[in-house]
Amino acid sequence: MAKTNGQNWLRAKGSAGGSKVSFLELFFDLVFVFSISQLSHALAAHYTPLGAAEAALMTFAVWWVWIFTTWVTNWLDPEKMPVRGMLVVLMMLGLLLSASIPEAFGDKGLLFAGAYVAMQVGRSLFTTYAMTRVDRANTLNFVRITAWLVAAGVFWIAGGLLEHEARLIAWVIALAIEYIGPAAGFAVPGLGRSRPSDWDVSGAHMAERCALFVIICLGEAILVSGRTFSELPFSGLTSIVFVTAFIGTVAMWWLYFRFGHGRAARRIEHEETPGSLARQAFTYGHIPILAGIIVHAVAVEFMFSHPHETGNLGIAAAVLGGSGLFLLGNLWFKGATSGQLPLSHLAGLVLLILLAFAAPFIEIYLLGILATLVLIIVAAWEYRSLTGTAAAPTLH
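Residues numbered from 1 in each chain as written. Predicted model: local features only at pLDDT ≥ 70, side-chain atom pairs only at ≥ 80, totals over all residues. Heavy atoms only, no water.

Caption draft 1: Examining the packing of aromatic side chains more closely. This model, assessed by the stated rule, comprises 29 aromatic pairs. A centroid spacing of 5.8 Å and a plane angle of 90 degrees characterise the contact between Trp75 and Phe142, whose relative ring orientation is edge-to-face. Of the two residues, Trp75 is situated in helix α2 (residues 49-75) and Phe142 in helix α5 (residues 136-161); the sequence distance between them amounts to 67 residues. For the pair Trp75 and Phe142, a shared accessibility class is recorded, and that class is buried. (Phe/Tyr/Trp six-rings, centres within 6.5 Å; stacked < 30°, edge-to-face > 60°. Helix = DSSP H or I, 4+ residues; strand = E, 2+ residues; numbered from the N terminus. Buried < 20%, exposed > 50% of the residue type's maximum accessible area, 1.4 Å probe, protein only.)

Rendered as structure tokens:
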């Protein structure tokens, strides 16, 4: 049998289907439905400063392994059998990663770290091989990326072998290495560093993939509210909380998809250096969006379980923090892709900060209603300004 040419594993750039999201990519994302669910449950179950730090670290890790795979499938064609095989293997490893999340800082730390490193390094090595006879610039890029991921992998595995705070410190170092990598151009002595012009990505594909991930996260928030509502006795209060949670999730969907997603896809397609914009708007800019939705899902659980509680600053932080992180992420995302910061989102963040001062005196379910109202106000303001019925578009 003839050896498969690496060139046949790449997408046909510029063709009609060159930026199309494949069904296998959607199938791959199902693993991350489980990941997001595990993350929100882990945070709700261990809602302490240390538990929040651990959940944040795992959220960063889950996002990083997903977004790196998205970058790779921007070049590699999932319709090719070798690429399909690689994605299926990543799915299995991702399932192990997700299953280990609740005990990642307990008995399953090495399983979490091993699955993560296998996904990151294995995918990078595969992509390096696929690029070898096709694109020398990107071959060097992925050699550099592999070097950085291997360096981080040492700390991931070491952390899996350590316990308690030592594990957290080792994994923070590992994440820091991986997150600094793109900003540093994956510089490696003797191999140079990546240039923005090397990252010729399909903006339409990147925007659609990230949009689908946001849908996954919003779906988890919907599932939390529906599942919790079904388990509780029916009452007027639980109905109010259920409606509030639903409307808040819909407002998040509106804020992201009504103007941000489509505009980002168009902008990046016409950018001279799409890689730089993709890194800013998608690789980094979507992190607070993801975190905001996860915290929102946790806040919904607290609104159901502690509706009349006042003075609990931790729960209040979740209720206001979910909306705040989501607005902050959209501010970053839309600012990067439009060249201007949306004034509506800045105003929304100010309103949430003001609510934080009043939070100790407001019952949790009422605080949830007010946080949802802030999202609605921001969405209405943005809609009116960008459709020309209120303010000028430059001040949205």
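Caption draft 2: Layout of helix α6 (residues 164-183). Counted at 1.5 Å a residue, the expected span for α6 with its 20 residues is 28 Å, and the 30 Å between its end C-alpha atoms agrees. Considered for burial, the residues of α6 that qualify are Arg167, Leu168, Ala170, Trp171, Ala174, Leu175, Ile177, Glu178, Tyr179, Gly181 and Pro182. (Expected span 1.5 Å × (residues − 1).)

Caption draft 3: View of the pattern of salt bridges. In total, this model carries four salt bridges according to the counting rule given. With a closest N to O distance of 3.3 Å, Glu25 and Arg209 form a salt bridge. Taken as a pair, Glu25 in helix α1 (residues 23-45) and Arg209 in helix α7 (residues 203-231) lie far apart in primary sequence, 184 residues in all. For the residue pair Glu25 and Arg209, the accessibility class agrees, reading buried in each case. Close ionic contact of Asp29 with Arg209 constitutes a salt bridge, the shortest N to O distance being 2.7 Å. Pair noted here: Asp29 is in helix α1 and Arg209 is in helix α7, with a separation of 180 residues, a long-range link. Both residues of the pair, Asp29 and Arg209, count as buried. Look at the salt bridges and you will find they share partners, linking Glu25, Asp29 and Arg209 into a network. (Salt bridge = Lys/Arg side-chain N within 4 Å of Asp/Glu carboxyl O.)

Caption draft 4: View of the environment of Gln120. By secondary structure assignment, the location of Gln120 is in helix α4 (residues 109-131). What makes Gln120 buried here is its relative accessible area of 1%. For the pair Gln120 and Leu140, spaced 20 residues apart in sequence, the C-alpha separation works out to 17 Å. In this view, Gln120 contacts Trp64, Val65, Phe68, Leu149 and Glu178; residues no more than four positions away in its chain are not counted. A distance of 2.5 Å separates the side chain of Gln120 from the side chain of Arg123, its partner in a polar contact. (Contact = heavy atoms within 4.5 Å. Polar contact = N/O pair within 3.5 Å; in protein donor to acceptor, adjacent residues only side chain to side chain.)

Caption draft 5: Representation of empty space enclosed by the protein. Within this structure, the stated rule accounts for one cavity of 30 Å³ or more. The computed volume of the largest cavity comes to approximately 90 Å³. Elements with a minimum of two residues in the lining of the largest cavity: α8 (236-269), α10 (287-305), α11 (313-338) and α13 (364-386). Looking at side-chain class alone, the lining of the largest cavity contains seven nonpolar, six polar and no charged residues. (1 Å grid on protein atoms, 1.4 Å probe; cavity = no way out; pocket = protein on both sides within 12 Å on 5 of 7 lines; lining within 4 Å. Points joined across faces, edges and corners; volume = space filled by probe spheres on them. Nonpolar A, V, L, I, M, F, W, Y, C, P; charged D, E, K, R; others polar.)

Caption draft 6: Just the nonpolar core, in detail. Of all hydrophobic cores here, the largest spans 124 residues; its most connected members are Trp63, Ile67, Phe112, Trp156, Phe213, Tyr256 and Phe282. Here this core takes 14 residues from α2, the largest share from any one element. When sequence neighbours within four positions are dropped, the list of residues in contact with Phe213 reads Phe32, Ile36, Trp63, Trp66 and Leu290. (Core = buried A, V, L, I, M, F, W, Y, C linked by side-chain atoms within 4.5 Å.)

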